[in-house]
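# Understanding the architecture of this molecule
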Amino acid sequence: MLKKRRVYIFGLISLICIIYFFVSRPEAESEDNEAHTALIKRAAKIKAQLDNSEAVINKIKHQIQQLEKGQDLPSDLDNEQGVHVDNHPIVISRRGQASQVSYSLSVISPSDLVCLPADAPRTEQDVQMYDVLNTISFADVDGGVWKQGYDIQYRDSLWSKEKPLKVFVIPHSHNDPGWIKTFDGYYSAQVKKILDNMVVKLGEHEKMKFIYAEISFFSKWWSTATNSQKESVKRHIEDGKLELVTGGWVMPDEASSHYWAMIDQLIEGHAWVKENIGMTGRPLSGWSIDPFGHSSTMAYILKEAGLQNMLIQRVHYSIKKHFAQNKYLEFNWRQIWDGEGDTGILCHMMPFYSYDVPHTCGPDPKICCQFDFQRLPGGKLHCPWKKEPEAITEVNVKEKAFTLLDQYRKKSTLFKSNVVLVPLGDDFRYDSAAEWDKQYTNYQKLFDYMNEADWNVQAQFGTLSDYFNEVRAEMGQPESSEASLDGFPSLSGDFFAYADRIDHYWSGYFTSRPFYKHWDRHLESTLRSAEIIFSLAQAKSLTDGSSSFQASSLYDKLSYARQSLGLFQHHDGITGTAKAAVVVDYGNRMLRGWKSAYEVIRASAQLLVGNVVSAPLEMFDVDWLKDEQDALEIRSVQELKQGEKEKFVIYNSSPHEREELVRVWVSTIPISVYDSESRHVICQISPIFTDHFDDHTSILHNKFKLSFLVKLPPLGMVTYTIEASETQPCTISRVSFYNLGSRSPSDEIFKPEGKKDTEFTIHNDQVEVTMSAASGMMQSVKNKKTGKVNRVEMNFVKYGSSKRSDHSSGAYLFIPSGASQDVASENPLIRVVTGNLFHEVMSFTSLVEHLVRVVNIPGPESLGVEVVNIDSIMKLENTELAMQLSTDIGNDDRIFFSDMNGFTMHKRKYQEKLHLQGNVYPMTSMSYIENSKTRISILAAQSAGVLSPFKGELQVILDRRLSQDDNRGLGEPLKDNKRTESKFFILVEEKTAAGDNRDKTIGYPSMTANILHHHLISPLIALPVKAGEINHPYYEPLSRSWPCELNLINLRSIKDTESGEARTSSLLLVHHQSTDCSLPAKGLSCTSNNGRLDIGDMFRHQSLTSIEKRTITDFESLGDAEHSGKVTVKPMNIMAYKLTVQ
């Protein structure tokens, strides 16, 4: 028996050698002598490889030893699909020694129009916020009753009967969709009462008016409102007594939200208004009283949505004072690139501390508080200045009216017009019928007395649009968004960072709860991908007459995902400033939204590429798994046995062709990968480690990482097949360790090595990265094509929190105890994995698992360095962790650029006159420093705070854990930290033209950086095929790739307002992203053509019956697109087109 089995084993070895020889020989062989010689050499090489295949030899020796001891061999020994020992696969493949392929990356020339904004001289505005920060002193001088301002004096002669002071008191209730209570908690406790009372009281009180902003709450109320209530709402809107302001799903944060999500939540709100209220409910004015700083992106979005005016509140107190002194509080807010005024919108900045009643009637809060009649004695609210309100009577009306008028007059002197805006409300006000009555009756008595007295005033209740219409009329402007705003100073820039008093800067929330900021981007990306593929599938189902596509139910899932993402854009959602229980509620909603969006993707893909008739209900599985809202996603493992095949459909939601790596997990090796035409695909197998507790060296053998190179058409899907086979198998990665100490890892497959160099490199065909073996951190990046080496030294630092009373960091505030301190990371375990497709280094420091990776592919990803951090600061107290990049870039005056919402790049300068926390800015997507020759950029997959505290440095705040509240209303510390992932891409670019942009207040990414960031936030989606047949393994819906400068924000299906069903129309949102053409556009598969797009001929399989230009929220038509859909999108602009399929 033993002899027979020995014969069998050695016979099997011979058979394996023969099979390997034939499989591994060159694909194309000629019959000449040279080919014969090559075959001989190849055979010798194969023999040498087999001789060195220790895994095979050792396993077979082990089997022989088992037989000699009389032990049974594994039951699957005779399985002709392969030989296994202890369920560990025998690997017969080309190992990690396989060299990287050399690629010649294409370089394109951006068209002239694309380069125009970056090449143009600085646009001149009356007020440029970058210059304002350089100019004002930020001295905190006591201004008297207006503590942060100055004493206001006026002359009675400023007003006359012919030119009276016009006062608009605007009742409002600010309703946070989650903060101290959850969305549903607030609705049940207060919001429903507010809206129920609104309907009744606007009917009872003839002259009462009201504005409301949060459509998320309004739509929930509407869903259970009676027909009588709905008709009353419509009547109040038609009569001008009720105005829906902004009309967004929420009042979004303007620092951490990405502009895609900002637009999406506004579309969701406007779509609801249009569907349920109609055109009479169209919002005309923006109302943004509570976001913690204000972005020029929001001004642009509102303008392009058709709004005419906007109002903002939370701006640094020193800036408010400066604006008041110069009468800049109402201005024409233009985009930084806009030299012609096309993007201007009229903006009103509230001048005082807050939007509550004590800080809105005038400069003296102790007086204004006396006119908040909800604080009348006997209630729960009181005035902190010890002077309570009094009900208005015939006895006191004259005194009270004159006292209030004095505040109105003082406030009006801060503005250019004789019109004054006085908000009357606060958080969740008007939730009782009594409050409506108290505010109306007392104010109406005051108004009646003022207006009848010889005081040259006209005071009344009003809406926001009432106020702006009067301002425009007085300034000689018609009531039109296209009107000239020449009477108002032009302004460009943003209002960050916000401080409400002394050095209390609200720059901590830029990073607070980064786990959810990262998760927000996952949902945003998945939802966008679902929107696009659903629109394509819906068009196909209508064209083909398919009845199997459940468009209505899928549209409902899309709607839920939209509303989940929209809700989280709220300024206490994505900011990380809600109570812990509320954050959990947001997380659960986003998780359900993400799963809903994935269901839409799977069902739509099934229609587009699968056999719809014979396929089961669910053709596709998911590649990512996430069942708990507070856990990191994990990959599903594709279970294969030798000889089995699994198919993946890879989906690209970009309008450009993409060639990059896809990573999946498989249960066995060897593995071969084939494309849709059965061609072998280059691939790499790398290990999965246990990574359990302190064990980061043990390698698992029941799952492996498979990486393979894919090439996908724009908006397309391609089917790839993975096979558990020894035919053209993927190469096996090399594994090495540094700083092992007493550990001695071993593995028969990956053969890990321990190394003791002081430094080492990882590389691809384009760049070489030098790493420190002592710290595991990046030291420099070399451009292998030019030979230039740049210092790019990475490390982690931390900040402590100030411990002074009422002067410490919290969810909102960043108040550090001093400069940053290095996080000790001497001799951490370092794990290096190298192969033909990528090299990566994982360092395990005390606080961060830090990954640095370079990939070797023909796309732009090969031009830089991927960085992934997983931080765990749960055991620390009062710590803020930052990733620091120290470079040899001489950014004089510590000038750097950071983005606003992923839309524009703004120039920043470290101001010594500000505290460190005042020099932190939001980075939603990107930041860079540069000199005349080189730019180093950090591209980010999630929002965070960024600063440049020292020359040549950028710091990105990664996470925050704080043991105390910062007294801004939250009432709890920030201690619900989680293992949190953050992703970045470091790009070093050499300029091809002399000069830099530091004399300008706006920057532009390179075209390469723009495309790379799209890839970072819109990753390819891999759909495992679990059942059914693929009918269209190569699905290409577009006729051609879009030009590189055009970005597809969304292709969003539009609901039919009559039927309520998803229909044949979709809203196409296109953004022309300008670039800095002094930097090479390298590694791109697209071309540039001045922002031109042929929408009429865009789709291969569908014809469009109409192409209509729309406002970006689809509320209003701007006419048909010209020239059969051939459009040109101007640089930096966003355009919207409603597409209807035949």
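The following paragraphs examine the structure supplied in this document. (Residues numbered from 1 in each chain as written. Predicted model: local features only at pLDDT ≥ 70, side-chain atom pairs only at ≥ 80, totals over all residues. Heavy atoms only, no water.)

## Points about the pairing of strand 36 (residues 848-855)
Using the following cut-off: Three exposure classes are used, based on accessible area relative to the maximum for each residue type with a 1.4 Å probe and protein chains only: buried under 20%, partly exposed in between, and exposed over 50%. Put simply, DSSP H or I for four residues or longer makes a helix, DSSP E for two residues or longer makes a strand, and each gets a number counted from the N terminus. Paired strands, as defined in this entry, are two strands with at least two bridges between them according to DSSP.
The element strand 36 is largely enclosed, with a buried count of eight among its eight residues. Along strand 36, one buried face is formed by Val 848, His 850, Val 852 and Val 854 and the opposite face, lined by Glu 849, Leu 851, Arg 853 and Val 855, is buried too. The sheet contact formed by strand 35 (residues 838-844) and strand 36 spans seven bridges and is antiparallel. Residue pairing across strands places Phe 838 opposite Val 855, the latter belonging to strand 36. Hairpin connection of strand 35 to strand 36: three residues between the antiparallel strands.

## Comments concerning the sheet that holds strand 14 (residues 490-492)
How we decide: Note on contacts: a residue pair qualifies if any of its non-hydrogen atoms lie within 4.5 Å across the two residues. For every element, the axis is a line fit to its C-alpha atoms; helices are fit only across the contacting stretch, and the angle between N-to-C directions ranges from 0 to 180 degrees.
Sheet architecture is open: six strands sit in the order 4-14-10-11-9-8, paired in mixed fashion. Edge strands, defined here as strands with exactly one partner in the open sheet, are strand 4 (127-128) and strand 8 (285-288). Relative to strand 14, strand 10 (residues 330-333) is paired through two bridges, and the arrangement is parallel. Bridging from a neighbouring strand, Asn 332 pairs with Ser 490 of strand 14. Its contacts with the sheet put helix 15 (residues 464-474) on strand 8, strand 9 (309-312), strand 10 and strand 11 (345-349), and the angle it makes with strand 8 is roughly 120°.

## Remarks on the state of the cysteines
The test is simple: The term disulfide is used for any two cysteine sulfur atoms that are within 2.5 Å.
With the rule as written, the count across this model stands at five disulfides. Across the disulfide from Cys 683 sits Cys 730; the S-S distance is 2.1 Å. Taking the sign of the torsion about the S-S bond as the criterion, the disulfide between Cys 683 and Cys 730, at about -95°, is left-handed. Note that Cys 683 is positioned in strand 23 (residues 683-689) and Cys 730 in the loop between strand 25 (717-723) and strand 26 (731-732), a separation of 47 residues in sequence. By relative accessible area, Cys 683 is classed as buried at 2%. Classification of Cys 730 as buried rests on a relative accessible area of 2%. The side chain of Cys 1044 participates in a disulfide bridge whose partner is Cys 1086; the two sulfur atoms lie 2.0 Å from each other. The chirality of the disulfide connecting Cys 1044 with Cys 1086 is right-handed, given an S-S dihedral of about 115°.

## As for the packing of helix 13 (residues 397-412) against helix 14 (residues 433-452)
Put simply, the rule reads: Should an angle fall under 35 degrees it is taken as roughly parallel, and over 145 as roughly antiparallel, whereas 65 to 115 is taken as roughly perpendicular and any remaining angle as oblique.
The geometry of helix 13 relative to helix 14 is characterised by a closest axis approach of 9 Å and an angle of 85° between their N-to-C directions. Compared by their axis directions, helix 13 and helix 14 come out roughly perpendicular. Taking contact as the criterion, the partners of Val 397, Lys 398, Lys 400, Ala 401, Leu 404, Leu 405 and Tyr 408 in helix 13 are, on helix 14, Tyr 443, Lys 445, Leu 446, Phe 447, Tyr 449 and Met 450.

## What about the sheet that holds strand 28 (residues 753-755)?
The 12 strands lie next to each other as 28-27-34-35-36-37-46-43-42-39-40-47, forming an open sheet whose pairing is mixed. Strands at the two margins of the open sheet, each flanked by one partner only, are strand 28 and strand 47 (1002-1003). Bridge count between strand 27 (residues 734-738) and strand 28: three bridges; the pairing is parallel. Within the sheet, the bridge partner assigned to Phe 737 lies in strand 28 and is Gly 754. Packing of helix 19 (residues 1007-1017) onto the sheet brings it into contact with strand 42 (926-930), strand 43 (934-940) and strand 46 (980-990), and relative to strand 43 it is tilted by some 20°.

## As for helix 9 (residues 259-276)
Rule in force here: Every helix has an expected span of 1.5 Å times one less than the residues it contains.
The first and last C-alpha atoms of helix 9 sit 26 Å apart over 18 residues, in line with the 26 Å expected at 1.5 Å per residue. Of all 18 residues making up helix 9, 15 are buried, and the element is well covered by its neighbours. Positive phi shows up at Gly 278, right after helix 9, with a value of about 100°.

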